[in-house]
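Here's the letter readout for the chains.
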Amino acid sequence: MSTQETHDHGHGDGHAHEPQSFLSKYIFPLDHKMIAMQYLFTGMAMALIGGFTVYVFRMQLAFPGAHVPGFGMVSPDRYNMLVTSHGTIMIFWVAMPVLIAALGNYLIPLMIGADDMVFPRINRLSYQIFLLSALVLISSFFVTGGAFGGAWTAYPPLSARGDYNATGLGSSLWLVAVALEFVAFLLGGINFITTAMNARAPGMKLTDIPMVVWMIVLASIMFMASVGPLVAGAIMLLFDQQLGTAFFDPNRGGDPVLWQHLFWFFGHPEVYVVLLPAMGIVAEVITTFARKKLFAYKTVLYTAAATGIIGFFVWAHHQFIAGIDPRMASLFTITTLIISVPVAEMLFVYIATLYGGSIRLTTPMLWALAFIAEFLLGGVTGIFLGAAGSDIYFHDTYFVVAHFHYTFFPIAFIATFAAITYWFPKMFGRMMDERLGKIHFWITIIAFNFIFIPLFLTGAAGDHRRIYNYQHFPEQWTPTLQNLRILATYALLVMIAAQVIFFVNFFKSLKSGPKAEKNPWKANTLEWVAPSPPPHGNFEEMPTVYRGPYEYGHPDRELDYWPQNEPA
Ligand SMILES: [Cu+2]
């Protein structure tokens with residue numbers, strides 16, 4: 001498809017930019033921005049459910065057997081369901097829809113100077129399937145026997161037994177929901193890649209594409225390449241549950257470790273599927289608020305691509321104690337340690353970008369800087385788990401939980417808050433409150449560390465994960481360890497309370513924040529050329545790119561030129 005075609009306003013499919021009914025504008029939209037909003041608000045609603053589940057099970061861990069306000073008693077079964085729902089929802093129904101689908105949809109056409117996605121109808125279908133997947137997941141909470149409780153990794157034979165709960169229906173609905181969610185993101189990914197490659201503004205070279213767009217494209221490719229085997233595995237697991245097959249049942253000749261391979265061949269790349277967009281967001285935010293170009297654009301691009309490739313060769317580091325050949329364990333230790341190199345490289349480039357910049361500590365910039373600091377801790381603690389020797393000790397302890405959250409919380413929340421606070425003026429045409437934004441930032445970040453540093457300690461002391469009551473383990477039921485668990489729970493309560501500040505700020509600014517101009521942050525990417533908020537069709541006049549990366553502009557346009565980027 002030629003660039004010209006997408007710049008032509010008529011899509012030839014009734015997707016004209018004219019006044020629309022409520023239904024066609026908000027419920028069945030084709031406009032990429034409205035679909036982005038559907039993903040964003042669905043993701044935020046799912047985050048409330050994911051947040052509620054963690055509140056309940058952390059209360060149980062701090063005060064075992066007590067009545068949890070708003071929920072009641074937590075039985076062992078319920079505990080498993082809560083933990084499983086928390087992990088599943090936060091990864092598949094919060095991080096994926098917000099970071100990739102919402103931001104990918106919103107940003108890609110605007111940042112490459114297109115008027116919409118290349119396939120607006122596939123885009124709409126993608127959200128509808130995603131919404132269906134969320135509804136199927138939520139329905140699984142209410143069926144006889146309750147929701148699936150076999151952890152987000154769904155390891156057989158536990159997950160394969162139809163009699164895991166009364167009917168096995170919760171487990172099967174969970175699988176169907178996850179599979180539907182994958183289909184939604186495959187459709188979305190096709191759209192992201194095609195649009196970024198084919199609908200760019202005239203003059204925009206591949207190396208002019210904003211980093212966050214590249215990152216979402218690379219993430220979509222990784223997702224597509226990794227998810228196939230797992231979808232096949234999910235269908236096999238569904239057969240095991242409902243039709244009596246035994247692909248994963250060792251008693252009848254099946255192999256539970258096969259699932260672990262299929263799951264982690266997807267599961268580890270999945271970390272990078274959400275990490276790369278987060279890294280992209282941070283790149284955009286720090287370049288704007290340091291008022292410098294990315295220190296080494298091509299290096300970041302190549303290292304991100306390298307991460308994408310090496311990411312497919314590390315999966316068995318999740319299986320060091322699953323009985324794999326020790327020689328394989330050494331091999332996967334090596335690849336795992338290698339993959340930290342490109343990721344560290346990206347962080348170095350970001351830090352080098354900050355060096356000598358004129359830094360403005362706005363709310364989005366604080367989030368972006370916090371991402372670098374907190375993610376670094378996540379990466380460093382991963383070395384202990386990637387090395388087979390130490391992993392044998394740390395495996396399945398709270399050390400893993402804490403490490404994982406030091407990578408995932410920065411990705412799913414810190415980078416997301418950076419993105420929302422940064423693009424809010426563009427999305428809604430109004431500014432957010434900086435004071436409330438900073439209060440929300442500091443409470444969230446401090447509370448976050450008070451949740452997970454204690455969990456590193458309990459994990460190193462041997463606290464095994466997925467145990468609902470440590471009273472049953474006298475050697476783990478010491479006042480010191482219990483106080484750390486209580487500290488983590490209190491910090492979580494503070495963090496959850498702080499999110500009220502965010503929601504107040506979000507909805508108050510949406511309604512009555514000061515009007516935003518086109519380019520309030522003085523950024524140099526194309527979305528800031530469009531009105532705030534951009535109308536259906538995005539640009540008053542379709543942009544053409546005349547300058548290099550992050551210095552787009554029409555010769556006639558007064559460009560907010562960053563002097564330190566002037567070629568010497
Ligand atoms: Cu991994």
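Notes on the structure in this doc start here. Since the structure is predicted, the reported quantities are computational estimates derived from the model, not experimental observations.

### A closer look at the environment of I91
The residue I91 is located in helix 4 (residues 76–112) in this model. Here the alpha-carbon distance between I91 and W152, two residues 61 residues apart in the chain, equals 9.1 Å. Setting aside chain neighbours within four positions, we find I91 in contact with M96 and W152.

### Brief notes about the nonpolar core
Within the largest apolar cluster, 172 residues are counted, with the highest numbers of intra-cluster contacts made by I112, V213, V282 and A418. The element contributing the most residues to this core is helix 4, with 24 residues. Once you skip the residues sitting within four places of it in the chain, V213 turns out to touch L107, I108, M111, I112 and A196.

### Section: the packing of helix 11 (residues 363–386) against helix 13 (residues 398–428)
Packing of helix 11 against helix 13 leaves a shortest axis separation of 8 Å and a crossing angle of 160 degrees. Relative to helix 13, helix 11 is oriented roughly antiparallel. Crossing hand, helix 11 versus helix 13: left-handed. Partitioning the contact of helix 11 with helix 13 into residue classes produces 16 nonpolar, seven polar and one charged.

### So, helix 10 (residues 326–354)
The end-to-end C-alpha distance of helix 10, which contains 29 residues, comes to 43 Å, matching closely the 42 Å that a straight helix rising 1.5 Å per residue would cover. Those residues of helix 10 that fall on the buried side of the exposure criterion are A329, F332, T333, T336, I339, P342, V343, M346, Y350 and T353. Check the buried side of helix 10 and you find it contacts helix 8 (256–290), helix 9 (297–310), helix 11 and helix 12 (388–394).

### Overview of unusual backbone geometry
Between P156 and P157 the backbone carries a cis peptide bond, its omega angle lying at 5 degrees. Positionally, P157 belongs in the loop between helix 5 (120–139) and helix 6 (169–198). In this model, S532 is joined to P533 through a cis peptide bond whose omega is -10 degrees. Relative to the helices and strands, P533 is located in the segment after helix 15 (479–512).

The rules behind each value
In this convention, every chain numbers its residues from 1, walking through the sequence in written order. Since the coordinates come from a predicted model, pLDDT governs what is reported: local features require at least 70, and pairs of side-chain atoms require 80 or more to be given and counted, while whole-chain, interface and lining totals use all residues. Numbering of helices and strands starts at the N terminus; helices are DSSP runs of H or I of at least 4 residues and strands are runs of E of at least 2. Once C-beta atoms are placed from the backbone, any two residues with those atoms within 7 Å are in contact. Any set of buried Ala, Val, Leu, Ile, Met, Phe, Trp, Tyr and Cys residues joined through C-beta atoms within 7 Å is what this text calls a nonpolar core. Exposure criterion: with C-beta atoms placed from backbone coordinates, a residue whose C-beta has 20 or more other C-beta atoms within 10 Å is buried, one with 12 or fewer is exposed, and one in between is partly exposed. For helices, the axis comes from a line fit to the C-alpha atoms of the stretch in contact; other axes are also lines fit to C-alpha atoms, and the angle between any two N-to-C directions lies between 0 and 180 degrees. Throughout this description, any angle smaller than 35 degrees is read as roughly parallel, any larger than 145 degrees as roughly antiparallel, any in the 65 to 115 degree range as roughly perpendicular, and the remainder as oblique. The sense of a crossing depends on the near helix, which, turned anticlockwise from the far helix by less than a right angle, makes the crossing left-handed and, turned clockwise, makes it right-handed. Note on residue classes: Ala, Val, Leu, Ile, Met, Phe, Trp, Tyr, Cys and Pro are nonpolar, Asp, Glu, Lys and Arg are charged, and everything else, Gly too, is polar. To estimate how far a helix should reach, multiply one less than its number of residues by 1.5 Å.

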